[in-house]
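Chain residues, written in single-letter form:
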Amino acid sequence: MTPKQTALIRWARACAFIVPALAAGVFALTAPRARAQESGPVFRPPAVPLVVSDPYLSVWSEADRLTDDTTRHWTRRPHSLVSLVRIDGKTYRLMGSSPAEIPALPQVGLEVTPTRSLYTFANGQIHLTLTFMTPVLPDDLNVLARPVTYLTWEVRSADGAAHAVSLYDSASAQLVVNAPEEKVGWQRETANGLTLLRVGTQEQAVLAASGDDI
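Residue positions are given per chain, counted from 1 along the sequence in the order it is written. Residues qualify for local features only when their pLDDT is at least 70, as the model is predicted, and side-chain atom pairs are given and counted only at 80 or more; totals for whole chains, interfaces and linings, by contrast, use all residues. The side-chain values count all of the structure's non-hydrogen atoms but skip hydrogen atoms and water molecules.

**Concerning the overall build of the protein**
Right, so step 1: A run of H or I in DSSP counts as a helix once it spans at least four residues, and a run of E counts as a strand once it spans at least two, with each numbered from the N terminus. The helix and strand inventory of the protein stands at two helices and 12 strands.
Right, so step 2: Starting at the N terminus, the α and β elements of the protein follow one another as α-β-β-β-β-β-β-β-β-α-β-β-β-β.
Right, so step 3: For every residue, the accessible area (1.4 Å probe, protein chains only) is compared with the maximum for its type, and the residue is labelled buried under 20%, exposed over 50%, or partly exposed between those bounds. Burial analysis of the protein (214 residues in total) assigns 26% to the buried set.
Right, so step 4: By definition, residues are in contact when any of their heavy atoms lie within 4.5 Å. Residue pairs at least 24 apart in sequence account for 42% of intrachain contacts in the protein once pairs closer than 6 positions are excluded.

**Examining the confidence of the model for the protein**
Right, so step 1: By definition, pLDDT measures how confident the predictor is in each residue, and it falls between 0 and 100. Of the residues in the protein, 80% reach a pLDDT of 70 or more, and the chain-wide mean stands at 83.
Right, so step 2: Within the protein, helix 1 (residues 3–39) has the poorest average pLDDT of any element, 40, and strand 5 (residues 90–95) the best, 98.
Right, so step 3: Low pLDDT, under 50, characterises residues 4–37; the predicted model gives this stretch seven contacts beyond four residues in sequence or across chains.

**Concerning the sheet that holds strand 10 (residues 165–171)**
Right, so step 1: When DSSP locates at least two bridges between a pair of strands, those strands are taken to pair. Here we have three strands laid out as an open sheet, ordered 5-4-10, and antiparallel in their pairing. Either end of the sheet is taken by a strand with one partner, and the two such strands are strand 5 and strand 10. Pairwise comparison of adjacent strand axes, ignoring direction, gives a mean angle of 20 degrees for this sheet.
Right, so step 2: Where strand 4 (residues 81–87) and strand 10 come together, seven bridges link them in antiparallel fashion. Pairing of V82 across the sheet is with S170, part of strand 10. Axis definition: a line fitted to C-alpha atoms, limited for helices to the stretch in contact. Angles are taken between N-to-C directions and run from 0 to 180 degrees.

**Here we look at the pairing of strand 12 (residues 194–201)**
Right, so step 1: Summarising the sheet, strand 11 (residues 184–191) and strand 12 pair through eight bridges and their orientation is antiparallel. Following the sheet pairing, Q187 is matched in strand 12 by R198.
Right, so step 2: Here strand 11 hands over to strand 12 after two residues, with N192 in that stretch at a positive phi of 55 degrees.

**A closer look at the nonpolar core**
Right, so step 1: By convention a nonpolar core is built from buried Ala, Val, Leu, Ile, Met, Phe, Trp, Tyr and Cys residues, the set being connected through side-chain atoms within 4.5 Å. Counting 20 residues, the largest nonpolar core has L66, L105, Y119 and F121 as its most contacted members.
Right, so step 2: When contributions to this core are tallied by element, the ones reaching two or more residues are strand 1 (48–52), strand 4, strand 5, strand 7 (116–122) and strand 8 (126–133).
Right, so step 3: Among the elements that make up this core, the one with the highest residue count is strand 8 (four residues).
Right, so step 4: Other than its neighbours up to four places away in sequence, F121 contacts L66, L94, L105, P106, Q107, V108, I126, H127, L128 and L130.

**A few points about unusual backbone geometry**
Right, so step 1: Of the consecutive residues S98 and P99, the connecting peptide bond is found in the cis state with omega at 0 degrees.
Right, so step 2: Along the chain, P99 turns up in the loop between strand 5 and strand 6 (107–112).
Right, so step 3: Even without being a glycine, R76 presents a positive backbone phi close to 80 degrees.
Right, so step 4: The phi torsion at N192 lies on the positive side, around 55 degrees, for a residue other than glycine.
Right, so step 5: In this structure, N192 sits in the loop between strand 11 and strand 12.
Right, so step 6: According to the relative accessible area criterion, N192 is exposed, its value standing at 83%.

**Some words on a nonpolar patch on the surface**
Right, so step 1: Patches in this entry comprise residues that are over 30% relatively accessible and not in a salt bridge; like charges within 9 Å are linked, as are nonpolar side chains (Val, Leu, Ile, Met, Phe, Trp, Tyr) within 5 Å. Accessibility throughout is a Shrake-Rupley quantity obtained with a 1.4 Å probe, and a residue counts as covered only by protein chains that appear here. The salt bridge criterion pairs a side-chain nitrogen of Lys or Arg with a carboxyl oxygen of Asp or Glu, the two atoms within 4 Å. Taken together, the side chains of V184, W186, L197 and V199 present a nonpolar region at the surface, about 410 Å² in accessible area.
Right, so step 2: Residue assignment for the nonpolar patch shows that the elements contributing at least two residues are strand 11 and strand 12.
Right, so step 3: For V184, the location among the structural elements is in strand 11.
Right, so step 4: Look at V184 and you get partly exposed, because its relative accessible area is 31%.

**Topic: the environment of V184**
Right, so step 1: Put simply, V184 and A173 are 11 residues apart on the chain and 7.4 Å apart in space, counted from C-alpha to C-alpha.
Right, so step 2: Apart from the residues within four sequence positions on either side, V184 is in contact with A173, V176, V177, V199, G200, T201 and Q202.

**Here's the deal with the sheet that holds strand 1**
Right, so step 1: The antiparallel open sheet is built from three strands, whose spatial order is 1-2-3. Here the strands that pair on one side only, and so sit at the sheet edges, are strand 1 and strand 3 (72–73).
Right, so step 2: Bridge count for strand 1 against strand 2 (residues 58–61) is four bridges, and the pairing is antiparallel. When the bridges of strand 2 are listed, P49 appears paired with W60.

Right, dumping it as structure tokens:
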């Protein structure tokens, strides 16, 4: 047996030991976390994915509550998304730290799954769930390639009474520029009964710039 063959056999034996050890280590790391979620505080990631279609369209919340800070690009530049809810004539914030003079509806829960981030809010009047869903389904390439995130608001009465509820949502033009001083243009269109809003930079200098925020 040559020295090379001997070394390969030793390497294979080491791998045969390391792989089960790694598997046991993964279980040891994940099992206590699962038990902690059952009996203690729910795990919250350092940043919650909101709109994550690609490295350029990538918006996250780095705050403990969705209303504690502005939403941000992964480079930490502000990419502001705002949502408000009006309940019986009184307005509350659901997403973003502005307008600061509007109180935040209390956030009572957060769940992050591979395709969804679900925030729950509640007060004595309503219970509201705001869901960000990006359909990154590897078994359907047409859906996987679709650069779309769906926002869903679900509202139900918390006290059994009827309430007048209206919702507001906005996305800043910060999402479409590399630097805040760039000029943008926007359009309103309709298609198949839907109202479409489009915003983009006035100059499309595709080959004249580079960077992570383009």
